[in-house]
Amino acid sequence: MKCPYCGKAETDVLDTRDTEDLTATRRRRSCRHCTKRFTTYERVEHVQLIVIKKDGRRESFDRIKVRLGIIKACEKRTIPIQEIDKVVDAIEQDLRQMDSTEIKSQVIGNMVMDRLKKLDKIAYIRFASVYRQFADIDDFAKALKTLSQRVKKS
């Protein structure tokens, strides 16, 4: 490992720990030449996921985009950001376990809606209204009626 301060390649590992979520290994290092200390992180390099949009365009999966959409739906709700991050992590994990690295955007949207439905009904309706592009109040009323019927059955 190259020292970020002096550029020499001779470093010693002082401490090694897994991160809290076990997705990376944190290493505390010391340079043999300049004696400065620095931290490195070792992560698994994931295969890039490709999202196939409704119009056929392809773009790289962006977990930040998913997170921002969920945050917007949860605006002014009492949902901790940690819960939102758990939802995003679960969605990304499910996507990575799929057989294909190319995923239709509808699959991701449905995953978000399924999880929001369990997390917060209002956030679910907000997300669904944008995702499903409700044209008028009737579309909104139908979605509310369906959700209400499912809640009564639970």
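Everything numeric in this text was worked out from a predicted model, so none of it was measured.

Now for the environment of Ile64. Tracing the chain through its elements places Ile64 in helix α1 (residues 63-73). Residue Ile64 is classed as exposed on the basis of its relative accessible area, which comes to 54%. Expressed as a C-alpha distance, the spacing of Ile64 and Arg17, which sit 47 residues apart in the sequence, is 26 Å.

This part takes up helix α2 (residues 81-96). Over its 16 residues, α2 runs 23 Å from end to end, which matches the ideal 22 Å to within 8%, given 1.5 Å per residue. Restricting attention to buried positions, one finds in α2 the residues Ile84, Val87, Val88, Ile91, Glu92 and Leu95. Each buried residue of α2 sits inside an arc of 130° when the element is viewed along its axis, so together they form one side. The exposed residues of α2 that point more than 90 degrees off its buried face are Gln82 and Lys86. Where α2 is buried, its residues meet α1, β6 (102-104) and α3 (105-119).

Attention now moves to the pattern of salt bridges. A full pass over the atoms with the stated rule returns 16 salt bridges. For Glu42, the salt bridge identified is with Arg27, shortest N-O distance 2.9 Å. One end of the pair, Glu42, is in strand β3 (residues 37-43); the other, Arg27, is in strand β2 (residues 24-31), with 15 residues separating them in the sequence. With a closest N to O distance of 2.8 Å, Arg57 and Asp55 form a salt bridge. Owing to a relative accessible area of 55%, Asp55 belongs among the exposed residues under this scheme. Here the salt bridges do not stand alone but share partners, grouping Arg63, Asp89, Glu92 and Arg96 into one network.

At their nearest, the axes of α1 and helix α4 (residues 121-131) sit 8 Å apart, and the two run at 120° to each other. It follows from the interaxial angle that α1 and α4 lie oblique. Judged by the twist between their axes, the crossing of α1 over α4 is right-handed. Contact with α1, carried on its side by Gly69, Lys72 and Ala73, involves Ala123, Arg126 and Phe127 of α4 and no other residues of that element. Here the contact of α1 with α4 is built from residues that sort into three nonpolar, one polar and two charged.

Once that is clear, we can look at the pairing of β3. As paired elements, β2 and β3 share seven bridges and run antiparallel to each other. Paired with Ser30 across the two strands is Arg37, which belongs to β3. Count of turn residues in the β2/β3 antiparallel hairpin: five residues, of which Thr35 carries a positive phi of about 65°.

What counts, and where the lines are drawn
- Residues numbered from 1 in each chain as written.
- Predicted model: local features only at pLDDT ≥ 70, side-chain atom pairs only at ≥ 80, totals over all residues.
- Heavy atoms only, no water.
- Helix = DSSP H or I, 4+ residues; strand = E, 2+ residues; numbered from the N terminus.
- Buried < 20%, exposed > 50% of the residue type's maximum accessible area, 1.4 Å probe, protein only.
- Expected span 1.5 Å × (residues − 1).
- Arc of directions from axis to C-beta.
- Contact = heavy atoms within 4.5 Å.
- Salt bridge = Lys/Arg side-chain N within 4 Å of Asp/Glu carboxyl O.
- Axes fitted to C-alpha atoms, helices over the stretch in contact; angles between N-to-C directions.
- Parallel < 35°, antiparallel > 145°, perpendicular 65-115°, else oblique.
- Left-handed = near helix turned anticlockwise from the far one by under 90°.
- Nonpolar A, V, L, I, M, F, W, Y, C, P; charged D, E, K, R; others polar.
- Pairing = 2+ DSSP bridges.

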